[in-house]
Amino acid sequence: MNINRRDWLKKGILATAGLSAASAFIQKAEANTLVRKELQLSLSPDFELQKSFAGMNPPAVMKARLGANENPWGPSEKTKQALIASISESNRYGRQGRADLIKLIAEKEGVPESHILLGAGSTELLTASMVAYGMKGKIICGDPCYISGNEEKIPMEKVPLTTDYQYDLSAIEARLNGSQSLVYITNPNNPTGAILPADQLKAFIDKVSDKIPVLVDEAYIDYAKDPKAECMVGSIVAGKNVLILRTMSKLYAFAGLRVGYAIAKPEILKTIQPYCSGGFDISVPSFAAAIAAIKDVEFQKLTLTNTAASKQFTYDFLTKIGYKYIPSSANFLLFPIKMKGSDLLSKLMAEGVMVRKWEFDRQHWCRVSIGTMDEMKAFSEAFTKIVS
Ligand SMILES: Cc1ncc(COP(=O)(O)O)c(C=O)c1O
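Attention here is on the structure that accompanies the text. What you see is a predicted model, and the numbers here were worked out from it, not measured in a lab.

### Quick look at the pairing of strand 7 (residues 242–247)
Among the six residues that make up strand 7, six are buried, leaving the element largely enclosed by the rest of the structure. Sheet topology places strand 6 (residues 214–217) next to strand 7; four bridges connect them, and they run parallel. Paired with Val214 across the two strands is Val242, which belongs to strand 7. Note: strand 7 against strand 8 (residues 260–263), four bridges, orientation antiparallel. Within the sheet, the bridge partner assigned to Ile244 lies in strand 8 and is Ile263.

### Side note on the pairing of strand 3 (residues 138–143)
Note that strand 3 and strand 5 (residues 180–186) share four bridges and pair parallel. In the sheet register, Lys138 faces strand 5, and the bridge partner there is Gln180. Here strand 3 pairs with strand 4 (residues 156–160) via five bridges, running parallel. Each bridged residue has a counterpart across the sheet, and for Ile139 the counterpart in strand 4 is Met156.

### A word on the site of the ligand
Lining the immediate environment of the ligand, one finds 13 residues, of which Ser122, Thr123, Tyr220, Thr247 and Ser249 sit closest. Contact between the ligand and Tyr220: an oxygen atom at 2.7 Å from a side-chain N or O atom of the residue. Lys250 places a polar side-chain atom, nitrogen or oxygen, 2.8 Å from an oxygen atom of the ligand. For the ligand, whose accessible area on its own is 400 Å², the fraction buried by protein is 92%. Looking at the shell around the ligand residue by residue, the class counts come to three nonpolar, seven polar and three charged.

### With respect to the sheet that holds strand 9 (residues 332–337)
The pairing of strands in a sheet happens through backbone hydrogen bonds and is either parallel or antiparallel. Within the open sheet, the three strands sit side by side as 9-12-11. Their pairing is antiparallel. Each having just a single partner strand, strand 9 and strand 11 (356–360) make up the two edges of the open sheet. Across the sheet, the mean angle separating the axes of adjacent strands is 30° when strand polarity is ignored. Where strand 9 meets strand 12 (residues 363–369), six bridges bridge the pair, whose relative direction is antiparallel. Bridge pairing in strand 12 places Pro336 opposite Trp365.

### Quick word on the side chain of Thr127
Within the secondary structure, Thr127 is located in helix 6 (residues 122–134). Side-chain polar atoms of Thr127 contact the backbone oxygen of Thr123, separated by 2.7 Å.

### Some remarks on helix 5 (residues 98–109)
An ideal rise of 1.5 Å per residue puts 16 Å on twelve residues; helix 5 measures up with 17 Å between its terminal C-alpha atoms. Listed in full, the buried residues belonging to helix 5 are Arg98, Leu101, Ile102, Leu104, Ile105, Ala106 and Glu109. On the buried face of helix 5, the contacting elements are strand 2 (116–119), helix 10 (233–237), strand 7, strand 8 and helix 12 (284–295). Once helix 5 ends, the next one or two residues include Gly110, with phi positive near 70°.

### Re the pattern of salt bridges
Applying the stated criterion to the full structure yields 14 salt bridges. Glu151 is paired through a salt bridge with Lys158; the nearest N and O atoms lie 3.3 Å apart. Overall, the relative accessible area of 22% leaves Lys158 in the partly exposed class. Between Glu157 and Arg175 there is a salt bridge whose closest N-O contact spans 3.1 Å. Taken together, the residues Glu157 in strand 4 and Arg175 in helix 7 (residues 169–175) connect sequence positions 18 residues apart. When salt bridges that share partners are traced, they join Lys108, Glu109, Glu218 and Arg246 into one network.

### Some details on the nonpolar core
Formed by 85 residues in total, the largest nonpolar core has its most connected members in Ile147, Tyr167, Tyr184 and Phe204. If you count residues domain by domain, this core takes at least three from each of domain 1 (59–73 + 298–387) and domain 2 (77–295). Those residues in contact with Phe204 that sit more than four places away from it in its chain are Leu169, Ile172, Glu173, Val183, Ile185 and Val214. Counting 24 residues, the second largest nonpolar core, distinct from the first, contains Phe335, Met376, Ala378 and Phe383.

Calculation rules
Residues numbered from 1 in each chain as written. Predicted model: local features only at pLDDT ≥ 70, side-chain atom pairs only at ≥ 80, totals over all residues. Heavy atoms only, no water. Buried < 20%, exposed > 50% of the residue type's maximum accessible area, 1.4 Å probe, protein only. Helix = DSSP H or I, 4+ residues; strand = E, 2+ residues; numbered from the N terminus. Pairing = 2+ DSSP bridges. Near = heavy atom within 4 Å. Polar contact = N/O pair within 3.5 Å; in protein donor to acceptor, adjacent residues only side chain to side chain. Areas by Shrake-Rupley, 256 points an atom, 1.4 Å probe, with all protein chains shown as cover. Nonpolar A, V, L, I, M, F, W, Y, C, P; charged D, E, K, R; others polar. Axes fitted to C-alpha atoms, helices over the stretch in contact; angles between N-to-C directions. Expected span 1.5 Å × (residues − 1). Contact = heavy atoms within 4.5 Å. Salt bridge = Lys/Arg side-chain N within 4 Å of Asp/Glu carboxyl O. Core = buried A, V, L, I, M, F, W, Y, C linked by side-chain atoms within 4.5 Å. Domains from an automatic or database assignment.

Any functional reading would require information beyond the geometric quantities listed.
Here's what the structure looks like:
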């Protein structure tokens, strides 16, 4: 039906207007259809959560919100002050602060300002990338990875992880045959939390990026041991066809404030920019807050220290009760469970604890975000009660 309508639209316009203007219009119309379809991507996690919890009565008090990898320690005091100080500008579209934020991010990343594109969270930029490259071919990615559950919306080719739950870079390289338009790598990966050794990923980029651009989704890179050494900004500085996506939702506690950015050379940013919201993305208070949060190194350190302590507590708890886990370089961790994920989710939810479930490698898995020590204690108590 859609195709017929599109053909009809094509014929009608070609008959009445100049060819180039018409095809530009059609391309835009087709892209808009895709944009609308792809925007579901941003809704899918919550939709999945709603489906998981369908038929359950959520408890009145949530003891631990460990389902969305948020930062429970934020927003920081300095972020809040910046928000309050700029709130009276929120009647204006987001211009004031945009240039300052781009300058600050470019300095932090060591790239020219022309290499930065802002978005309302990295979801906006990820969605735009899926539309821009998804129209040209398949997106080749790991299975599972952050986008792998969206195969109905994105044309994709999924490549299973290795036996130690890492992205299989050689298998991806071997599959490249011209039908793919983009390699998508979540690093650290979500849901596994595993990070690729920087030298391996860099060597992969060196080998393939002349043929196909590589998108590295570094949403959790701030939790790596040495983010500067483990991120792929160096490949961009070296002129490679690499697109990095970053979010402020995690380390900076901006999940609800919605600030993310892309780093790439301008030719690549120009490919995705037409599918972004073009300056109507970030609010003036969010700009002010983002500038304050990036400068607030104390809060970032506090988050990393607290995350490490809560993560260690959770590792120790799982080991004590005889459960294995995948060592995580992010603010969540994934471990195999001995019951159906949906059963665990509903039982934990009844105890006021929210987590996520996964199913791959013929196993059921639980992904638990790293929250405050109280939240991890609530999780461990509820989990013990359920499995014992
Ligand atoms: C790997 C990954 N990429 C992107 C996002 C989207 O983040 P946001 O839109 O909040 O910036 C998430 C959110 O959890 C994520 O896990």
